[in-house]
Amino acid sequence: MHQYRFLLLFLVAAVIMLPARAQQGGIENLRETGKAFASVARQVSPSVVYIQVESKQEAAGMGPFASPFSDEFFKRFFGEPFPGAPQGEAPQRRAVSQGSGFVFSSKDGLLSDRTYILTNYHVVEGAEKIKVKFQDGREFIAKIKGSDPKSDVAVIEIKAGGLPALRWGDSSTLEVGEWVLAMGNPFGLSHTLTVGVVSAKGRTSLGISDYEDFIQTDAAINPGNSGGPLVNLDGEVVGVNTAILSRSGGYMGAGFAIPSGLARSIAEQLIDSGEVVRGFLGVVIQDLTSELAESFDIEQSRGALIAQVTADSPAQKAGLKAGDVIVSYQGKPVKDIGSFRNRVSQTPPDSRAKLTVIRDGERREIDVTIGRLDDAQLTAEAPAEITSELGLSVQTLTPQLAQQFDAKAGQGVVVTKVEPGSVAEVAGIKIGDVILQVNRKPVDSAQAFNRAIGDSRQGKRALLLIASGDMQRYVVLSW
């Protein structure tokens, strides 16, 4: 009997102790996680720099309360105009903006006489003087080695060697839910670390840059973080922090980083030749919606629909036609036009590429020799739909469209659709009109138009300069 009582008491005591042990175990796990984050911070911080840029910009009514951030930062994070800022023409002023960057090793390794630092193009755009500061307090004057506005990547160089460089990670192996850490200088707060997870991969068509393949993360990214590294738990760079999605101007849970694979490729080209070489196919494409798939008698609703083939382009020479649906490129499925466009651009010119297309319900294999995208060639793209706000669609002026509408390629976007009863129709905008400027700033592509309208969302007002034939006029749209 005594043995049973002892066993019962033992079991009761064990049950009472289990929650305490479980709680203690949970706390220990959290401590270990915290130590892992701290270890990454110690490893990464010496290679991250604070970047201060001096440039000439319009004062735009900032008065005595001039901000340490550039106008471009405000447009990117707060919209245009900045809330509360008076409007009107203003003289040029010397502006100071800020951002982040990190030391990396080129394919030739670390150099003894100079150091390369990766950042965003929009951080150093228009810079007259660039100063970088390391965590240990050392400061250097930097110069731009090369920049690529289409991908928003820039490389700056300082005359110093022996500085610690971050290791590159493989962004293609990232998985949704994986821990990542963002390091940078938000609001000038040097070497700030935030932690989150990979929320999504392959984000395109955001209107942030021409070539998009963003990693989305919930690690807090704010103004000043641009150009800083996004690293994994091994301290390897898997992305370059670039922008946030925000209606308030602050962090709202969605940040975007350029994947390391793309950033590294661009950086190496900028160091080697000072320019980025991209592949060129020569087609106007659009996403294959379920309605379009049904219209073309295609079962699947993923792929890129060719709306137009550029004359004398690699696509035309290979026999591609309008109405073809590209479902595979180099043996990999085509999911959307953004990712397809990136893959073509990263294909070396003069190399052969295999496309699988569906034409008249039949699959065909087509070999094409990829060309080189020159500055004079505007990358073909689908119309930019703005129907929810303005009720119109626009398209980049390709040389063919420019000839058709008696316009100049690269100067403005052509209106391809106007919704009945929309804001655009009420304002008198018609199909074939060419929009030259938005808020007194030129737009040379559908993406640039999208970004400009996006910057006007907060004020719900945009000033357009429109050309109709030989006549130009300003139109104010309010919505």
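Residues numbered from 1 in each chain as written. Predicted model: local features only at pLDDT ≥ 70, side-chain atom pairs only at ≥ 80, totals over all residues. Heavy atoms only, no water.

*Asks:* What is the right way to look at the sheet that holds strand β11 (residues 237-244) in this model?
*Replies:* Remark on secondary structure: sheet strands pair via backbone hydrogen bonds, oriented parallel or antiparallel. Taken in spatial order, the six strands close into a barrel running β7-β8-β9-β12-β11-β10, and their pairing is antiparallel. Here the strands of the sheet are splayed against their neighbours by 45 degrees on average, with no regard to which way each runs. Sheet topology places strand β7 (residues 179-184) next to strand β8 (residues 192-203); six bridges connect them, and they run antiparallel. The partner of Leu181 across the bridge, within β8, is Val195. Packed on one face of the sheet, helix α4 (residues 260-273) meets β11 and β12 (255-259) and runs near 50 degrees to β12. (Pairing = 2+ DSSP bridges. Helix = DSSP H or I, 4+ residues; strand = E, 2+ residues; numbered from the N terminus. Axes fitted to C-alpha atoms, helices over the stretch in contact; angles between N-to-C directions. Contact = heavy atoms within 4.5 Å.)

*Asks:* For this particular structure, what's the right way to read the confidence of the model for the protein?
*Replies:* Any region with low pLDDT has predicted coordinates that should not be read closely. With 81% of its residues at a pLDDT of at least 70, the protein reaches an overall mean of 81. The low-confidence segment residues 58-86 (pLDDT under 50) makes 71 contacts with residues lying over four places distant or belonging to another chain. Predicted confidence for residues 378-383 stays below pLDDT 50, and this span has 27 contacts to residues more than four positions away or in other chains. (pLDDT = per-residue confidence, 0-100.)

*Asks:* Mind showing me how you'd approach the environment of Val176 here?
*Replies:* Secondary-structure assignment places Val176 in the loop between β6 (153-158) and β7. For Val176, a relative accessible area of 56% gives the class exposed. Expressed as a C-alpha distance, the spacing of Val176 and Lys201, which sit 25 residues apart in the sequence, is 7.2 Å. Those residues in contact with Val176 that sit more than four places away from it in its chain are Val198, Ser199 and Ala200. (Buried < 20%, exposed > 50% of the residue type's maximum accessible area, 1.4 Å probe, protein only.)

*Asks:* What is the right way to read the packing of aromatic side chains from this model?
*Replies:* All chains considered together, the criterion is met by seven aromatic pairs. Ring geometry for Phe104 against Trp168: centres 5.8 Å apart, planes inclined by 65 degrees, an arrangement best described as edge-to-face. With Phe104 in strand β2 (residues 92-104) and Trp168 in the loop between β6 and β7, this pair connects stretches of sequence that are 64 residues apart. By relative accessible area, Phe104 is classed as buried at 3%. Accessibility expressed as a relative area gives 13% for Trp168, which makes it buried. With a centroid separation of 5.5 Å and an interplanar angle of 90 degrees, the aromatic rings of Tyr329 and Phe340 are classed as edge-to-face. Pair noted here: Tyr329 is in strand β16 (residues 325-329) and Phe340 is in helix α7 (residues 337-345), with a separation of eleven residues, a long-range link. Grouping residues by exposure puts Tyr329 and Phe340 together as buried. Taken together, the ring pairs connect Phe102, Phe104, Tyr116 and Trp168 into an aromatic cluster. (Phe/Tyr/Trp six-rings, centres within 6.5 Å; stacked < 30°, edge-to-face > 60°.)

*Asks:* Looking at this structure, I do not really get empty space enclosed by the protein. What am I missing?
*Replies:* If you walk through the whole model with that rule in mind, you get two cavities of 30 Å³ or more. Of all elements in the fold, only β1 (48-58) and β4 (129-133) reach the threshold of two or more residues within the lining of the second largest cavity. (1 Å grid on protein atoms, 1.4 Å probe; cavity = no way out; pocket = protein on both sides within 12 Å on 5 of 7 lines; lining within 4 Å. Points joined across faces, edges and corners; volume = space filled by probe spheres on them.)

*Asks:* What should I look at first to understand the nonpolar core in this one?
*Replies:* For soluble globular proteins, nonpolar side chains are generally found buried alongside one another. Val44, Phe102, Phe104, Leu118, Val155 and Ile258 are the most contacted members of the largest nonpolar core, which totals 30 residues. Breaking this core down by element, the ones donating at least two residues are α1 (2-44), β2, β3 (115-119), β6, β7, β11, β12 and α4. Looking at this core element by element, the count peaks at six residues for α4. If sequence neighbours within four positions are ignored, Phe104 has contacts with Tyr116, Ile117, Leu118, Val155, Ala165, Leu166, Trp168, Ala267 and Ile271. Formed by 21 residues, the second largest nonpolar core is a distinct cluster that contains Leu392, Val415, Ile453 and Leu477. (Core = buried A, V, L, I, M, F, W, Y, C linked by side-chain atoms within 4.5 Å.)

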